Amino acid sequence: MDPNDSFREFVAAHQQALMRTAYLLTGDAHQAEDLLQSVLLKVLRRWSRLSHVERPEAYARKALVNQHISWRRRRVRTELPTADPPDRPYSSEDSTLVRLVMRQALMGLPPRQRAVIVLRYYEDRTERETAELMNCSIGTVKSQTHYALARLRELAPGLAPKLASLETEEAYR
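Owing to the predicted nature of the structure, the values given are computational and were not obtained by experimental measurement.

Quick notes on the rules
- Residues numbered from 1 in each chain as written.
- Predicted model: local features only at pLDDT ≥ 70, side-chain atom pairs only at ≥ 80, totals over all residues.
- Heavy atoms only, no water.
- Core = buried A, V, L, I, M, F, W, Y, C linked by side-chain atoms within 4.5 Å.
- Buried < 20%, exposed > 50% of the residue type's maximum accessible area, 1.4 Å probe, protein only.
- Helix = DSSP H or I, 4+ residues; strand = E, 2+ residues; numbered from the N terminus.
- Contact = heavy atoms within 4.5 Å.
- Expected span 1.5 Å × (residues − 1).
- Polar contact = N/O pair within 3.5 Å; in protein donor to acceptor, adjacent residues only side chain to side chain.
- Axes fitted to C-alpha atoms, helices over the stretch in contact; angles between N-to-C directions.
- Parallel < 35°, antiparallel > 145°, perpendicular 65-115°, else oblique.
- Nonpolar A, V, L, I, M, F, W, Y, C, P; charged D, E, K, R; others polar.
- Phe/Tyr/Trp six-rings, centres within 6.5 Å; stacked < 30°, edge-to-face > 60°.
- Lys NZ or Arg CZ within 6 Å of the ring centre and 35° of its normal.
- Salt bridge = Lys/Arg side-chain N within 4 Å of Asp/Glu carboxyl O.

Observations regarding the nonpolar core
For step 1, the next point in the chain: Counting residues in hydrophobic clusters, the biggest one holds 16 residues, and the most contacted among them are Phe7, Phe10, Leu18, Leu40, Val43 and Leu64.
For step 2, the next point in the chain: Counting residues per element, the ones that place at least two in this core are helix H1 (3-26), helix H2 (29-45), helix H3 (47-50) and helix H4 (56-74).
For step 3, the next point in the chain: The leading source of residues in this core is H2, at 6 residues.
For step 4, the next point in the chain: Filtering out sequence-adjacent residues up to four positions away, phenylalanine 7 remains in contact with Leu40, Val43, Leu44 and Trp47.

Some points on H2
For step 1, the next point in the chain: For H2, with 17 residues, the first-to-last C-alpha span of 24 Å sits near the 24 Å given by 1.5 Å per residue.
For step 2, the next point in the chain: Of the positions making up H2, those classed as buried are Ala32, Leu35, Leu36, Ser38, Val39, Leu40 and Val43.
For step 3, the next point in the chain: The backbone nitrogen of histidine 30 has a side-chain oxygen 3.1 Å away, supplied by the residue at the start of H2, namely aspartate 28.

Points about the packing of helix H6 (residues 111-122) against helix H8 (residues 138-155)
When two helices pack together, their arrangement is given by the angle between their axes and by how far apart the axes lie.
For step 1, the next point in the chain: For the pair H6 and H8, the least separation of the axes is 9 Å and the interaxial angle reads 100°. The angle between H6 and H8 places the two elements in the roughly perpendicular class. The residues of H8 that touch H6, namely those facing Arg112, Gln113, Val116, Ile117, Arg120 and Tyr121, are Thr140, Val141, Gln144, Thr145, Tyr147, Ala148, Leu149, Arg151 and Leu152.
For step 2, the next point in the chain: A breakdown of the residues in the contact of H6 with H8 according to their chemical character gives 8 nonpolar, 4 polar and 3 charged.

Brief notes about the packing of aromatic side chains
For step 1, the next point in the chain: Using the criterion set out here, one finds 3 aromatic pairs in the structure.
For step 2, the next point in the chain: Ring centres of phenylalanine 7 and tryptophan 47 lie 5.4 Å apart, and the angle between their planes is 75°; on these two criteria the pair is classed as edge-to-face. Here phenylalanine 7, found in helix H1, pairs with tryptophan 47, found in helix H3; they are 40 residues apart in sequence, far enough to count as distant. The two residues phenylalanine 7 and tryptophan 47 agree in class, both being buried.
For step 3, the next point in the chain: Both rings, one in phenylalanine 10 and one in tryptophan 47, keep their centres 5.0 Å apart while their planes meet at 40°; by these two values the pair is tilted. Of this pair, phenylalanine 10 sits in helix H1 while tryptophan 47 sits in helix H3; the two residues are 37 residues apart in sequence, bridging distant segments of the chain. Here the two residues phenylalanine 10 and tryptophan 47 agree in accessibility, since each one is buried.
For step 4, the next point in the chain: A connected cluster of aromatic rings, assembled from ring pairs, spans Phe7, Phe10 and Trp47.
For step 5, the next point in the chain: One Lys or Arg, arginine 120, reaches over the ring of tyrosine 121 and ends 5.9 Å from the middle of that ring.

As for the pattern of salt bridges
For step 1, the next point in the chain: Evaluation of the coordinates by the stated rule reveals 5 salt bridges.
For step 2, the next point in the chain: With a shortest N-O distance of 2.9 Å, aspartate 5 and arginine 8 are connected by a salt bridge. Placement of both aspartate 5 and arginine 8 in helix H1 is noted, with a separation of 3 residues, approximately one turn of the helix.
For step 3, the next point in the chain: Here aspartate 5 falls in the partly exposed class, since its relative accessible area comes to 32%.
For step 4, the next point in the chain: As a salt-bridge pair, glutamate 123 and arginine 61 come within 2.9 Å of each other at their nearest N and O atoms. Here glutamate 123 is found in the loop between H6 and helix H7 (127-134), whereas its partner arginine 61 is found in helix H4, with 62 residues between them in sequence.
For step 5, the next point in the chain: By relative accessible area, which is 16% here, glutamate 123 ends up buried.

Encoded structure:
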């Protein structure tokens, strides 16, 4: 089998999950595509070694997180947050609106905190898996999660009850 065939199979099997992670990290479909493309190029360059690894998707996911954090450090912010966002009607029953508010709040988090929230709650990773993917200690994951949830409460006060339930679940994991 041609090595490129095995890489194509890998991409076909994991592209959607990796794209979802990239989108949640960046908050923008175009940036997510760019992020995923750059990471897949890195994975392709190392494919001869990675194809023999038990879970090459874990390497790709970790590369996504690291590349995103690296990009965020270098990017100059062109948008400035405002203290008075435009008034929007809010209904706790409207899950679409809740997702949009959560997405907007996620974009207000620093890259590492956003990565922790995405990995822990959107991808349902354990603290240990998150620590491995982010190349940090479990204690760092716990503290970053705590600070991220506190910041999300500030950015989206209407979501506070949902965030409180996340912390309660976290305590019992």
